[in-house]
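Here is how the chains run, residue by residue.
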Amino acid sequence: MKATYRNDEDVARYHIESLLAGHRERIEAIQGRLGRIYVRRAARSLAGQVALGGAALVAVGAAATAPSIVGALHFGIATTALLGAWAMAALAYVAGRRLAVARLQRALSREVERSGDVHADRARLEAAAPEARVRAMIDAEERRSVALPLAGFAVLAPLTLHFAVYCVALGGSLEWSARIELFDRWIRMSLGIVGHVHVVVAYLAFRYARRLHETPTRVLVADPPPGALRALGYATLASLIPGATLFMLPPIVVAVTGAFVVPSFVLARHRLLEERRSLDA
């Protein structure tokens, strides 16, 4: 009986080595084919979170420099936070790729770990499905990878576009410190009048991402859910309060600015379709 037991263990060990060799080849292929999609999605999610955090800092900075609250802080805090949010989001994307690679490697390494029990290891390796695990990770990241960067871009881009126009209009007539300090006033005024529009557009971005995630690929191609035009329309309508009492200037500014921002909704859908096609292939 003892000899038979040892012989069974030897057979199990030999089988484990064969299974491990096959799994390592599959894992290497998975990291190349599917891993790239997961890494990009996870990095976009992290960058979007940082962008939204940066937008919150812009609002806090604008409030902190309001004369009725502090009054002594006039150093371009809100403008600096606005520009810094883009830089931090870019760094977050780079860091997110590295973190995602490490997370993916940890998840796949569990498929080939040994516990010391040859029979348990053999059973686990026979039942292992590393590709299914990675596909589940990719699917879990799909909605976040659309909603977070889309919302972050939608709330940062309008004021950034205004700042670009502002800098072109001023030319070289002001020093940088005076320029960003003056633009803080525009940010305070803009958030005070149409700050709620940013919240509306961010909500629509999350809603649109949910619709994309729940819609089959063939429907996204043939009959995509409304996104860009709906966001522009709702944003313009939201700006009527209190824009209608200010000679309709806020709705006009929102509509013109939104025309440059809402195409990001279309780009998000195209990116999602490209990734789904790669997964299907």
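Here, every reference points to the structure presented above.
What you see is a predicted model, and the numbers here were worked out from it, not measured in a lab.

Asker: Which parts of the structure should I look at to understand the overall build of the chain?
Answerer: Looking only at helices and strands, the chain features 11 helices and 0 strands. Ordered by position from the N terminus, the helices and strands of the chain form the series α-α-α-α-α-α-α-α-α-α-α. Scored against the burial criterion, the 281 residues of the chain give a buried share of 40%. Looking at the chain alone, contacts between residues at least 24 apart form 80% of all its contacts between residues at least 6 apart. Summed over its atoms, the accessible surface of the chain is roughly 15200 Å², and 64% of this surface lies on carbon and sulfur atoms.

Asker: I'm lost on the packing of aromatic side chains in this one. Help?
Answerer: The geometry of an aromatic ring pair is captured by two quantities: the separation of the ring centres and the angle between the planes. Under the defined criterion, the tally for this structure stands at 5 aromatic pairs. Judged by centre distance (6.1 Å) and plane angle (35°), the ring pair of Phe163 and Tyr166 falls under tilted. Of the two residues, Phe163 and Tyr166 are both situated in helix α5 (residues 130-170); the distance of 3 residues between them amounts to about one turn of the helix. With relative accessibility at 19%, the residue Tyr166 sits in the buried group. Between Phe163 and Phe183, the aromatic rings sit 4.9 Å apart at their centres with planes inclined by 70°, giving edge-to-face as the arrangement. Separated by 20 residues along the polypeptide, Phe163 in helix α5 and Phe183 in helix α6 (residues 176-214) bring together distant segments of the chain. Take Phe163 and Phe183: they sit in the same class, and that class is buried. Linked through ring pairs, Phe163, Tyr166 and Phe183 together constitute an aromatic cluster.

Asker: What am I meant to see in the pattern of salt bridges here?
Answerer: Two side chains bearing opposite charge may form a pair once their charged atoms approach each other closely. Inspection of the entire model under this criterion finds 6 salt bridges. For Glu275, the salt bridge identified is with Arg41, shortest N-O distance 2.7 Å. Of this pair, Glu275 sits in helix α11 (residues 263-280) while Arg41 sits in helix α2 (residues 35-64); the two residues are 234 residues apart in sequence, bridging distant segments of the chain. Where Glu274 meets Arg271, a salt bridge forms, and the shortest distance between an N and an O atom there is 4.0 Å. Highlighted residues: Glu274 and Arg271, both in helix α11, separated by 3 residues, approximately one helical turn. Residues joined in a network through salt bridges with shared partners are Arg41, Arg44, Glu142, Glu275 and Arg276.

Asker: I would appreciate a short explanation of the nonpolar core in the present structure.
Answerer: Looking at soluble globular proteins, one finds that nonpolar side chains tend to be buried together. Within the largest apolar cluster, 36 residues are counted, with the highest numbers of intra-cluster contacts made by Val58, Leu82, Ile187 and Phe265. For this core, the secondary-structure elements that each account for two or more residues are α2, α3 (77-109), α5, α6, α8 (228-238) and α11. The element that contributes the greatest number of residues to this core is α5, accounting for 10 residues. Residues contacting Leu82, with those up to four places away along its chain left out, are Val58, Leu156, Leu159, Thr160, Phe183 and Ile187.

Asker: Looking at this structure, I do not really get the packing of α2 against α3. What am I missing?
Answerer: Each pair of packed helices gets described by two things: the angle between the helix axes and the distance between those axes. As a packed pair, α2 and α3 sit with axes 7 Å apart at the nearest point and diverge in direction by 155°. Taken together, the axes of α2 and α3 are roughly antiparallel relative to one another. The interaxial crossing formed by α2 with α3 has right-handed handedness. When the residues that make up the contact of α2 with α3 are grouped by side-chain class, the tally is 24 nonpolar, 4 polar and 4 charged.

Calculation notes
Residues numbered from 1 in each chain as written. Predicted model: local features only at pLDDT ≥ 70, side-chain atom pairs only at ≥ 80, totals over all residues. Heavy atoms only, no water. Helix = DSSP H or I, 4+ residues; strand = E, 2+ residues; numbered from the N terminus. Buried < 20%, exposed > 50% of the residue type's maximum accessible area, 1.4 Å probe, protein only. Contact = heavy atoms within 4.5 Å. Areas by Shrake-Rupley, 256 points an atom, 1.4 Å probe, with all protein chains shown as cover. Phe/Tyr/Trp six-rings, centres within 6.5 Å; stacked < 30°, edge-to-face > 60°. Salt bridge = Lys/Arg side-chain N within 4 Å of Asp/Glu carboxyl O. Core = buried A, V, L, I, M, F, W, Y, C linked by side-chain atoms within 4.5 Å. Axes fitted to C-alpha atoms, helices over the stretch in contact; angles between N-to-C directions. Parallel < 35°, antiparallel > 145°, perpendicular 65-115°, else oblique. Left-handed = near helix turned anticlockwise from the far one by under 90°. Nonpolar A, V, L, I, M, F, W, Y, C, P; charged D, E, K, R; others polar.

None of this, on its own, says anything about what the molecule does.
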